[in-house]
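Secondary and tertiary structure notes
The chain contents come next:
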Amino acid sequence: MDWAGLMRLGLRGLRLSPREFWALTPAELLLIAGLDAASPAMGRARLAELASLYPDERTTR
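Everything quoted here is computed from the prediction, not taken from an experiment.

We now examine a nonpolar patch on the surface. There is a patch of nonpolar side chains on the surface, built from Met1, Trp3, Met7, Leu11 and Trp22 and spanning about 550 Å² of accessible area. A per-element tally of the nonpolar patch places helix 1 (residues 3-13) first, with three residues. By secondary structure assignment, the location of methionine 1 is in the segment before helix 1.

Inspection of the entire model under this criterion finds one salt bridge. Notably, a salt bridge pairs arginine 46 with glutamate 49, separated by 3.1 Å at the nearest N-O pair. Of this pair, arginine 46 and glutamate 49 both sit in helix 4 (residues 44-53), three residues apart, which is roughly one turn of that helix. The class for glutamate 49 is partly exposed, based on a relative accessible area of 40%.

Another aspect to go through is the environment of proline 55. For proline 55, the position within the fold is in the segment after helix 4. According to the relative accessible area criterion, proline 55 is exposed, its value standing at 52%.

Listed as buried for helix 1 are Gly5, Leu6 and Gly10. Projection of helix 1 onto a plane perpendicular to its axis shows the buried side chains occupying an angular sector of 125°, all on one side. Among the structural elements, helix 2 (18-23) and helix 3 (26-32) are those in contact with the buried residues of helix 1. Phi for arginine 15, located one or two positions after helix 1, is positive at around 55°.

In this section: the packing of aromatic side chains. For any two aromatic rings, the description comes down to two numbers: the centre-to-centre distance and the angle of the planes. Taken as a whole and judged by the stated rule, the model has two aromatic pairs. Ring centres of phenylalanine 21 and tryptophan 22 lie 4.8 Å apart, and the angle between their planes is 85°; this geometry places the pair in the edge-to-face category. A relative accessible area of 3% means that phenylalanine 21 is categorised as buried. The exposed category is assigned to tryptophan 22, whose relative accessible area is 51%. Here a set of aromatic residues connected by ring pairs shows up, and it is made of Trp3, Phe21 and Trp22.

Cut-offs and rules
- The residue numbers shown here count from 1 along each chain, following its written sequence.
- A pLDDT threshold of at least 70 governs which residues receive local features in this predicted model, and a stricter bar of 80 or more applies before side-chain atom pairs are shown or counted, although totals over entire chains, interfaces and linings include all residues.
- Side-chain numbers come from the whole structure's heavy atoms, not from hydrogens or water.
- Patch membership requires more than 30% relative accessible area and the absence of a salt bridge. Residues of like charge join within 9 Å; the nonpolar side chains Val, Leu, Ile, Met, Phe, Trp and Tyr join within 5 Å.
- Surface accessibility in these figures is a Shrake-Rupley result with a 1.4 Å probe; residues are shielded only by whichever protein chains are displayed.
- Salt bridge criterion: a side-chain nitrogen from Lys or Arg within 4 Å of a carboxyl oxygen from Asp or Glu.
- Under the DSSP-based scheme used, a helix requires at least four consecutive residues in state H or I and a strand at least two consecutive residues in state E, with every element numbered from the N terminus.
- Note on exposure labels: buried denotes an accessible area under 20% of the residue type's maximum, exposed denotes more than 50%, and partly exposed covers the range between, all computed with a 1.4 Å probe on protein chains only.
- In this description, the arc belongs to the directions extending from the helix axis to the C-beta atoms.
- The criterion used for residue contact is that any of the two residues' heavy atoms lie within 4.5 Å.
- Ring pairs shown here join Phe, Tyr and Trp side chains whose ring centres sit within 6.5 Å, with only the six-membered ring taken for Trp; geometry is labelled stacked below 30 degrees between planes, edge-to-face above 60, and tilted in between.

Distances and angles like these do not, on their own, reveal function.
What follows is the structure, given as structure tokens:
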């Protein structure tokens, strides 16, 4: 983990106080900095792929 880089980002870039910086988790810091690795929304092709892999099963009562 690049602590020096994260500290520069938090203390200089985001102007957090040391107390605010150390209260954050690395994930929270990346999120507020806009650097989170959020996955893109699922597209139609991926939905179709998942539907073919895991089809709904009809049950009879």
